[in-house]
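Letter by letter, the chains look like this.
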Amino acid sequence: MPTRILPAVGDADAVRSLITLLSQLPDAEPLPPVGDSTQLVDTLARLAAESVDELPEVVIVHERIGPVPALELVREVALRFPAVGVILVTTDASPGLFSAAMDSGARGLVTLPLGYEELAHRVQAVAQWSVGVRRHLGHGGDVFTGAGGTVVTVCGAKGGVGATLTAVQLALAAQASGRPTALVDMDLQTGDVASYLDVQFRRSVVDLAAISDISPRVLADAVFRHDTGVALLLAPGEGERGEEVTDRAARHIIGALRSRYEVVVVDCGAQLGGAGAAAVEMADTALLVTTPDVVAVRGAKRAVRMWDRLQIRKAEETTLVVNRHSRGTEIQPALIQKITGTALAATTVPAHFKELQAAVDAGRVHALDPKGTVRQALWALAGELGLVKAPETAVVRRGTRARGGDRGAVGFRRRRE
């Protein structure tokens, strides 16, 4: 059986050199190379969604890959796709880098300039390891699912547009549908998730920032299990400590959560620092919440342009959510979409703050009236984003009437449509 090898190299000359050598290896099947970290992860996720057997046995990561640094990319691939063996190609052969590469999850290291013998030996060893892992998974009953959980980030065009409320309700909707869900407050200086849910906590996201190997037990110690079942990883009570959560730490933390929960919702707030930017870049879905007023729309446009300049996220890969919408508003969602160039969520959230005020003041937004229009809209948004499990369709015999619960489900689907 040929060994499938996926090169991740950003430099054109390095690509040609690597492909030439890989083509000479016995039983090697080099796949079309990918040019950056985002393309690599997306390619592996697409293949994993089909089957574990579709994944390449070996991924070769060049040290000059970007925009995510090579070691962080190695860590993410090893965490999300444990049946894939990763080889790091680098000019630095020092023991320090070798140790760091192994700690990140690499299965081997090859030094530049590339040599046939060294590359062939390392590829063969890593391929054998990968095949052994897949054989073990195939007989162990614990089938690897590939890309891990879904990560959704929620950012605000400016402060006060409802990003935190949106994030909380999306997480509640996902958890209520039976999907294990984590809610992360990555608004590190001014996060309010704990206030919205009336939570007293000791540990926060800062406690994980300096940990290089986040085991399930360490993660369990840091999260707070809410009464609703949602796992909360909260912002620090002392805002100045938020600086301890670097972009690298954020990637590590979100990757660990993604491997343990089906849905990970991240509240990034309105001020996007390094950690929030890393979360947005990693996200499967990035939401930008705005209200239909000039100041907020300008803020949304400014955020989208900044993300594009910093290569965090393209405008068309960002989904805009319009909060406090009404038919009489002069600025309508279609106009906001045209101004920002983003995708637009079909679900808008109506302007009915009176439904929220008592729950927000009491810190019990998880207890919103299920019949309230705001809650229904936010849970419909969760359905639109694919965060909730589709309910099993009940079979109703001809000549019988559906029960009240069935009528409610039909009404919910109609409202979503």
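Here the residue numbering is sequential within each chain, running from 1 through the sequence in written order. Owing to the predicted nature of the model, reporting of local features is limited to residues with pLDDT of at least 70; listing and counting of side-chain atom pairs is limited to 80 or more, with chain, interface and lining totals taken over all residues. Side-chain metrics rest on all non-hydrogen atoms present in the structure, leaving aside hydrogens and water.

**With respect to the packing of helix α2 (residues 37–50) against helix α3 (residues 70–80)**
When two helices pack together, their arrangement is captured by the angle between the axes and the distance separating the axes. This is how the line gets drawn: Here an axis means a line fitted to C-alpha atoms, over the contact stretch when the element is a helix, while the angle between two N-to-C directions is reported on a 0 to 180 degree scale. Secondary structure elements follow DSSP: runs of H or I no shorter than four residues count as helices, runs of E no shorter than two count as strands, and numbering proceeds from the N terminus. Angles below 35 degrees are treated as roughly parallel, those above 145 as roughly antiparallel, those between 65 and 115 as roughly perpendicular, and all remaining angles as oblique. Here, residues are in contact when the closest pair of their heavy atoms is within 4.5 Å. Classification convention: Asp, Glu, Lys, Arg as charged; Ala, Val, Leu, Ile, Met, Phe, Trp, Tyr, Cys, Pro as nonpolar; all other residues, Gly among them, as polar.
Between α2 and α3, the shortest axis-to-axis distance is 11 Å and the interhelical angle comes to 10°. Between α2 and α3, the angle falls in the class roughly parallel. Residues Ser 37, Leu 40, Val 41, Leu 44 and Ala 45 of α2 pack against Leu 73, Glu 76, Val 77 and Arg 80 of α3. Each residue belonging to the contact of α2 with α3 can be placed in one class, and the counts come to 6 nonpolar, 1 polar and 2 charged.

**So, the packing of aromatic side chains**
Quick note on the threshold: When two rings of Phe, Tyr or Trp (its six-membered ring) have centres within 6.5 Å they constitute a pair, described as stacked for plane angles under 30 degrees, edge-to-face for angles over 60, and tilted for the intermediate range. Placement of a charge over a ring requires the Lys NZ or Arg CZ to be within 6 Å of the ring centre, with the centre-to-atom vector within 35 degrees of the ring normal.
Tallied over the full model, the rule gives 0 aromatic pairs. Directly above the ring of Trp 379 sits Arg 375, whose terminal nitrogen or CZ lies 3.7 Å from the centroid.

**A word on the sheet that holds strand β5 (residues 108–111)**
Rule in force here: Any two strands between which DSSP finds at least two bridges are classified as paired.
Pairing in this open sheet of 5 strands is parallel, and the strands run β2-β1-β3-β4-β5 from one edge to the other. Strands at the two margins of the open sheet, each flanked by one partner only, are β2 (28–30) and β5. Direction aside, neighbouring strands of the sheet carry axes that sit 25° apart on average. Helix α4 (residues 95–104) contacts β4 (85–90) and β5 of the sheet and is inclined by roughly 140° relative to β5.

**Describing unusual backbone geometry**
We count it as follows: We call a residue buried when its accessible area falls under 20% of the maximum for its residue type, exposed when it is over 50%, and partly exposed in between, using a 1.4 Å probe and counting protein chains only.
Residue Pro 67 is reached from Gly 66 by a cis peptide bond, and omega for that bond is -5°. Following the sequence through the fold, Pro 67 ends up in the loop between β3 (58–62) and α3. Residue Pro 113 is bonded to the preceding Leu 112 through a cis peptide linkage, with omega at -5°. Relative to the elements of secondary structure, Pro 113 occurs in the loop between β5 and α5 (116–140). Of note, Asp 27 is a non-glycine position whose phi angle comes to about 60°, a positive value. For Asp 27, a relative accessible area of 59% corresponds to the exposed category.

**So, the sheet that holds strand β8 (residues 224–225)**
The 8 strands are arranged β8-β9-β7-β10-β6-β11-β12-β13 in an open sheet whose pairing can be described as mixed. Single-partner strands in this sheet number two, and they are β8 and β13 (343–344). Alignment of strand β11 (residues 285–290) against strand β12 (residues 318–322), held across 5 bridges, turns out to be parallel. Bridge pairing in β12 links Val 289 to Val 321. The strands touched by helix α12 (residues 294–309) are β6 (150–156), β11 and β12; relative to β11, the strand with the most contacts, the crossing angle is about 150°.

**A short note on the side chain of Asp 267**
We count it as follows: Within 3.5 Å is the distance limit for a polar contact, defined as a pair of N or O atoms, with the added protein rule that one can donate a hydrogen and the other accept it, and that residues adjacent in sequence qualify only through two side-chain atoms.
Considering the arrangement of structural elements, one finds Asp 267 in strand β10 (residues 263–269). Among the polar contacts listed, one links the side chain of Asp 267 to the side chain of Thr 164, at a separation of 2.7 Å. Residues in contact with Asp 267, not counting those within four places in the same chain, are Val 154, Ala 163, Thr 164, Ala 167, Val 184, Asp 185, Met 186, Asp 187 and Val 193.

**Considering the confidence of the model for the protein chain**
This is how it is decided: As a per-residue measure, pLDDT reflects the predictor's confidence and takes values from 0 up to 100.
When pLDDT is averaged along the protein chain, the result is 86, and 90% of the positions lie at 70 or above. Taken element by element, the predicted model of the protein chain shows its lowest mean pLDDT in helix α16 (residues 404–416) (39) and its highest in β12 (97). When the criterion is pLDDT under 50, residues 139–147 qualifies, and its contacts beyond four places in sequence or with other chains add up to 16 contacts. For the stretch residues 392–417, pLDDT sits under 50, and the model shows 10 contacts to residues farther than four places along the chain or on other chains.

**A closer look at the pattern of salt bridges**
Worth spelling out the cut-off: Here a salt bridge means any side-chain nitrogen of Lys or Arg lying within 4 Å of a carboxyl oxygen belonging to Asp or Glu.
Using the criterion set out here, one finds 9 salt bridges in the structure. Bridged by salt links that share partners, the residues Glu 72, Arg 251 and Glu 281 form one connected network.

**Quick word on the pairing of β10**
Counting buried residues along β10, 7 of its 7 residues qualify, which places the element largely inside the surrounding structure. Along β10, one buried face is formed by Val 263, Val 265, Asp 267 and Gly 269 and the opposite face, lined by Val 264, Val 266 and Cys 268, is buried too. Here β6 runs beside β10; their pairing, made up of 6 bridges, is parallel. Paired with Cys 155 across the bridge in β10 is Gly 269.

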